[in-house]
Amino acid sequence: MDYIFPPLPVQSVPVLGEARRFPLRRIFCVGRNYADHIREMGFRPEREPPFFFTKPIDALVQDGEEVAYPPLTENFHHEAELVIAIGKAGAGIAVEDALDHVYGYAVGNDLTRRDLQFALRDRGRPWDWSKAFDRSAVVGPITPMPSQALPRSARLSLTVNGETRQDAALDTMIWNVAEVIAALSSSVTIQPGDLVFTGTPAGVGPLQPGDRCAVAIDGLTPITTLIGRKA
Ligand code: MN
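Predicted model, so just to flag it, every value in this text is computed and none were measured. (Residues numbered from 1 in each chain as written. Predicted model: local features only at pLDDT ≥ 70, side-chain atom pairs only at ≥ 80, totals over all residues. Heavy atoms only, no water.)

Novice: Which residues make up the sheet that holds strand S16 (residues 205-206), and what values do they have?
Specialist: Within the open sheet, the three strands sit side by side as S10-S7-S16. Their pairing is antiparallel. Each of the sheet's edge strands pairs with one partner strand only, and the pair in question is strand S10 (112-113) and S16. With two bridges connecting them, strand S7 (residues 76-78) and S16 associate as antiparallel partners. Bridge pairing links histidine 78 to glycine 205 in S16. (Pairing = 2+ DSSP bridges. Helix = DSSP H or I, 4+ residues; strand = E, 2+ residues; numbered from the N terminus.)

Novice: Can you lay out the coordination of the manganese ion for me, pointing to particular residues and giving the numbers?
Specialist: Distances from the manganese ion to its protein donors, namely Glu79 (OE), Glu81 (OE) and Asp110 (OD), fall within the range 2.0 to 2.1 Å. Donor residues for the manganese ion, ordered by position in the chain, follow E-x1-E-x28-D. With glutamate 81 in strand S8 (residues 80-86) and aspartate 110 in strand S9 (residues 102-110), the pair connects residues that are 29 residues apart, well separated along the chain. Side by side, glutamate 81 and aspartate 110 carry an identical accessibility label, which is buried. (Donors = N, O, S within 2.8 Å, 3.2 Å for Na, K, Ca; no water. Buried < 20%, exposed > 50% of the residue type's maximum accessible area, 1.4 Å probe, protein only.)

Novice: Give me the environment of leucine 72: which residues, what numbers.
Specialist: Looking at the element boundaries, leucine 72 is found in the loop between strand S6 (66-69) and S7. In this structure the C-alpha to C-alpha distance between leucine 72 and tryptophan 129, which are 57 residues apart in sequence, comes to 9.0 Å.

Novice: With reference to specific residues and values, describe the packing of aromatic side chains.
Specialist: Following the criterion strictly, the structure yields five aromatic pairs and no others. Centre to centre, the rings of phenylalanine 51 and tryptophan 127 are 5.5 Å apart; their planes meet at 80°, and the pair counts as edge-to-face. Here phenylalanine 51, found in the loop between helix H1 (35-40) and strand S4 (52-55), pairs with tryptophan 127, found in the loop between helix H2 (114-122) and helix H3 (128-131); they are 76 residues apart in sequence, far enough to count as distant. Taking relative accessible area as the criterion, phenylalanine 51 reaches 30% and is therefore assigned partly exposed. Its relative accessible area of 15% is what places tryptophan 127 among the buried residues. Note on tyrosine 69 and phenylalanine 76: the rings are 5.3 Å apart at their centroids and 70° apart in plane angle, and the pair reads as edge-to-face. Summarising the burial analysis for this pair, tyrosine 69 and phenylalanine 76 share the class buried. Grouped by ring-pair contacts, the aromatic residues Phe51, Phe53 and Trp127 constitute a single cluster. (Phe/Tyr/Trp six-rings, centres within 6.5 Å; stacked < 30°, edge-to-face > 60°.)

Novice: Provide a residue-level description of the nonpolar core, including the pertinent values.
Specialist: If you look at the biggest cluster of nonpolar residues, it comprises 44 residues, and the most contacted ones within it are Phe76, Leu82, Ile84, Tyr105, Leu170, Ile181 and Val196. Broken down by element, the residue count for this core peaks at five residues, all from helix H4 (residues 177-185). With sequence-adjacent residues up to four places away left out, phenylalanine 76 is seen in contact with Val67, Tyr69, Pro70, Leu111, Thr112, Phe133, Gly205, Pro206, Leu207 and Ile227. Core analysis: the next-biggest nonpolar cluster, separate from the first, contains 19 residues, Val13, Ile57, Trp127 and Ala137 among them. (Core = buried A, V, L, I, M, F, W, Y, C linked by side-chain atoms within 4.5 Å. Contact = heavy atoms within 4.5 Å.)

Novice: So, H2: which residues are in play, and what are the values?
Specialist: Where H2 is concerned, the buried positions are Arg114, Leu116, Gln117 and Leu120. Taken end-on, H2 shows its buried residues confined to a sector of 155°, consistent with a single buried face. Elements in contact with the buried residues of H2: S7, S10 and H3. Two residues or fewer after H2 comes glycine 124, characterised by a positive phi angle close to 70°. (Arc of directions from axis to C-beta.)

Novice: Give a detailed account of the sheet that holds strand S17 (residues 212-217), specifying residues and quantitative values.
Specialist: With mixed pairing, five strands are arranged side by side in an open sheet as S6-S18-S17-S13-S14. Sheet topology places S6 and strand S14 (163-169) at the edges, where each strand pairs with a single neighbour. Mean inter-strand twist for the sheet, computed between neighbouring axes without regard to direction, equals 20°. For S17 and strand S18 (residues 223-230), the ladder comprises four bridges, and the chain directions are antiparallel. Across the sheet, residue arginine 212 finds its bridge partner in S18, namely leucine 226. (Axes fitted to C-alpha atoms, helices over the stretch in contact; angles between N-to-C directions.)

Below, the structure is given as structure tokens:
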């Protein structure tokens, strides 16, 4: 096959203990999945079905890379998240079967133009420009844990320049990993290579040029992102 310009190279993330990488297909994200974060965003937490948005796969940022402060924002936020790596296709998956579709897990940072998000939200417009911009999806190496859940005691934390901003137990998620996969697969056929950001706990906040933002989840490889000057 010949193309009029080179097609997008395959986007991928490393896999712990593997020479082979995990090729990406799509990036899905859960909107609101921790009660304390829903409150800080100005809503009352209710157990309504999870909702999803997406990021383009070429928004991927690897661990250790610098991200230039993006345009169209004065309030560029971090969101520490558990990321599910999907290893098996499926649609209409039952909660009790959902973990069969897990390949592994990674640590993620759902970078967000918060001021744009609020402006779009208030006008009832799509979130895309606040979430799906260039270099907005930081994903660390995947730890293979096929068909497994993470330990209920695992904690998620985020620091900026060494100061803790977010810290929560993963079991405070409103919708757990199996429920998120079931809900997503009720809407689209999930495929190997899909990633699912599972939402962020309270403590989201602004990043500035020069900041070093680190995210960790017990049992997974932590990630660090450096914030560069305005693009
Ligand atoms: Mn998020």
